[in-house]
Amino acid sequence: MKNTVIPSLGAATVAAALLSAPALAVELTIACGAVGIEREVCIDGANRWAEQTGHSVDVVATPQSSTERLAMYQLLLRERHNTVDVFQIDVIWPGLLGEYLLDLSPYVPDTDAFFPNLMANNTVEGRLIAMPWYVDTGLLYYRKDLLERYGHPVPETWDELETIASDVQRRERSQNGNFWGYVWQGSDYEGLTCNVMEWLVSSDAGTVVSAQGVVTLDNDRAARIIEQAAGWIDTISPPAVLEYQEEDARAQFEAGNALFMRNWPYAWRLANEPESAVSGRVGVTVLPQGDSGAPSGALGGWQLAVTEATRYPDLSADLVRFLTSESEQRRRAEFGYLPTRSALYNEPELTQNNAVFEPVGRALENVAVRPSSATGRTYKYVSRYVSGEIHEVLRGTKSTTDALASITDRIVERGLGDLQRP
């Protein structure tokens, strides 16, 4: 196998290098992985398919920056180049790139083996334009030693989290003045949109924009949970949480300065590294639910898609089918890549060695899917409206009622299809 490594010099430079590469009729090309273990595992999987089929695969390293990676993909796909056959795409890109991608539904016989919400996310205008490869979802991390010390259970609702966080924070402050009850991602960026989606879906308050193109945000349940979250600032969450992203929250939690943390599955291993001050004292579970609804977590992760411009649609689709197969996902799970096939979350040999498996499996049953497929190319504006306006609510500079109405109006005024108030 040939493995092409292209330096991350910017999306245009990467794409130009690809476009100048000679096409080889005897091999497929897949753009996946950037560096380290992600790239190595992708190469290994492609090698295994090549050995079974007798074909060859050129693995092209993509930019580490998802922004640069998307720009590279858009350049290649819009120009209908066949330099790359298979693309690794982010979970929020199907609606943006779908018109350039092959419908995979005729090539994958066991689509019902995957979590339904993942398949729905990857279906655009009735076309299955990508297969779920590995998944991320938001989780709740907690100090199990402190819950035990103060006689508290693991919270199941946001109300319980708030009460427990307040009590333990008060008691711990006598020893650690920097201790807080709950840290999360409150900065004005995509991570805040993920948190908002989790609040909404766990409270049965809609998904901002439904799959049918209806704006669902301006409702009483949404207002209630967002107001509750705003009340966490400077009570159980530090004022600085308004600037926190994932690594900021993780730094505070691993330093022993928080009882609860919202973060992605990657944080589990890092929280238990020897250099972590809380190593061995951390538990992980699904995020809480609201007064109504069920536990949820924002959907993250990566998919595999085939360009419509490929010269080898059957072979390219078969490579995707193999890489998302049960055996391949089981192998990748050993490296921490969470499966997209529901049955694998019931296998003890996988779940007993990774504490995040069980809560991820539960979260995926009611996963919070960002409305990227419903809004397509305009999702970036929808996300921007959500994070920007809700950030103002969290800062106390805008009322929840005004923010929800404003987001709804801005989405509708943007002319996103048939969007209307529910």
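Scroll up to find the structure this text is about.
Counting restarts for each chain, with residues numbered from 1 along the sequence as it is written. The model is predicted, so local features are restricted to residues of pLDDT at least 70 and side-chain atom pairs to those at 80 or more, both for listing and for counting; the totals for chains, interfaces and linings are taken over all residues. Neither water nor hydrogens contribute to the side-chain values; these are computed over all heavy atoms in the structure.

We count a stretch as a helix when DSSP gives it H or I for four or more residues in a row; a strand needs E for two or more, and each element gets its number in order from the N terminus. Scanning the protein from terminus to terminus reveals 18 helices and 12 strands. Relative to the compact-globule value of 22 Å for 422 residues, the protein shows a C-alpha radius of gyration of 22 Å, a close match. Dimensions of the protein, computed from the C-alpha atoms along their principal axes, are close to 70 × 50 × 40 Å. To sort residues, take the accessible area from a 1.4 Å probe on protein chains only and compare it with the maximum for the residue type: under 20% means buried, over 50% means exposed, and anything in between is partly exposed. Considering the protein as a whole, with its 422 residues, one finds that 58% of them fall into the buried category. Residue contacts are defined here by distance: any two heavy atoms, one from each residue, within 4.5 Å place the two residues in contact. Here the contacts in the protein between residues at least 6 apart in sequence split such that 74% fall between residues at least 24 apart. For the protein, the accessible surface area stands at approximately 16,800 Å², while carbon and sulfur atoms represent 47% of it. Restricting the calculation to C-alpha atoms gives the radius of gyration, and the globule rule supplies 2.2 Å times the number of residues raised to the power 0.38. In short, Shrake-Rupley with a 1.4 Å probe defines the accessible areas, and a residue's cover is counted only from the protein chains shown.

Okay, the layout of surface pockets next. Space inside and on the surface of the protein is sampled on a 1 Å grid over the protein atoms alone, with a cavity defined as a set of points where a 1.4 Å probe fits but cannot get out and a pocket as an open set with protein on both sides within 12 Å along at least 5 of 7 lines; lining residues have an atom within 4 Å of a point. Grid points are joined across faces, edges and corners, and a volume is the space filled by probe spheres set on the points. Estimates place the volume of the second largest pocket at around 330 Å³. Every residue lining the second largest pocket is counted, 15 residues in all, and those nearest its centre are Ala120, Ser210, Ala211, Ser373 and Ala374. Sorting the residues of the lining of the second largest pocket by element identifies helix 5 (116-121) and helix 16 (372-375) as the ones contributing at least two each. Amino acids outside the nonpolar list (Ala, Val, Leu, Ile, Met, Phe, Trp, Tyr, Cys, Pro) and the charged list (Asp, Glu, Lys, Arg) are all regarded as polar, and Gly is one of them. Here the lining of the second largest pocket is built from residues that sort into six nonpolar, eight polar and one charged.

For the rest of this paragraph, the subject is helix 10 (residues 246-254). Within helix 10, the full set of buried residues consists of Glu246, Ala249, Arg250, Phe253 and Glu254. Across the axial projection of helix 10, the buried residues extend over an arc of 120°, all falling on one side. Those residues of helix 10 hidden inside the fold are in contact with strand 8 (139-143), strand 9 (180-183), helix 8 (190-202), strand 10 (258-263), helix 11 (266-271) and strand 11 (282-285). By construction, the arc corresponds to the directions joining the helix axis to the C-beta atoms.

So, on to the pattern of salt bridges. Here a salt bridge means any side-chain nitrogen of Lys or Arg lying within 4 Å of a carboxyl oxygen belonging to Asp or Glu. For the structure on display, the rule yields 26 salt bridges. We note a salt bridge from Asp167 to Arg170, for which the minimum N-O separation is 2.7 Å. Placement of the pair is Asp167 and Arg170 together in helix 7 (residues 158-172), with a separation of three residues, close to one helical turn. With a shortest N-O distance of 2.9 Å, Asp204 and Arg221 are connected by a salt bridge. Of the two residues, Asp204 sits in the loop between helix 8 and helix 9 (220-230) while Arg221 sits in helix 9, which places them 17 residues apart along the sequence. Of the residues examined, Asp204 reaches a relative accessible area of 45% and is grouped as partly exposed.

A separate point is the state of the cysteines. The definition used for a disulfide is geometric: two cysteine sulfur atoms within 2.5 Å. Overall, the coordinates contain one disulfide when judged by the stated rule. One disulfide bridge connects Cys32 with Cys42, the sulfur atoms lying 1.6 Å from each other. Because the torsion about its S-S bond is -65°, the bridge between Cys32 and Cys42 counts as left-handed. Separated by 10 residues along the polypeptide, Cys32 in the loop between strand 2 (27-31) and helix 2 (36-53) and Cys42 in helix 2 bring together distant segments of the chain. With relative accessibility at 1%, the residue Cys42 sits in the buried group.

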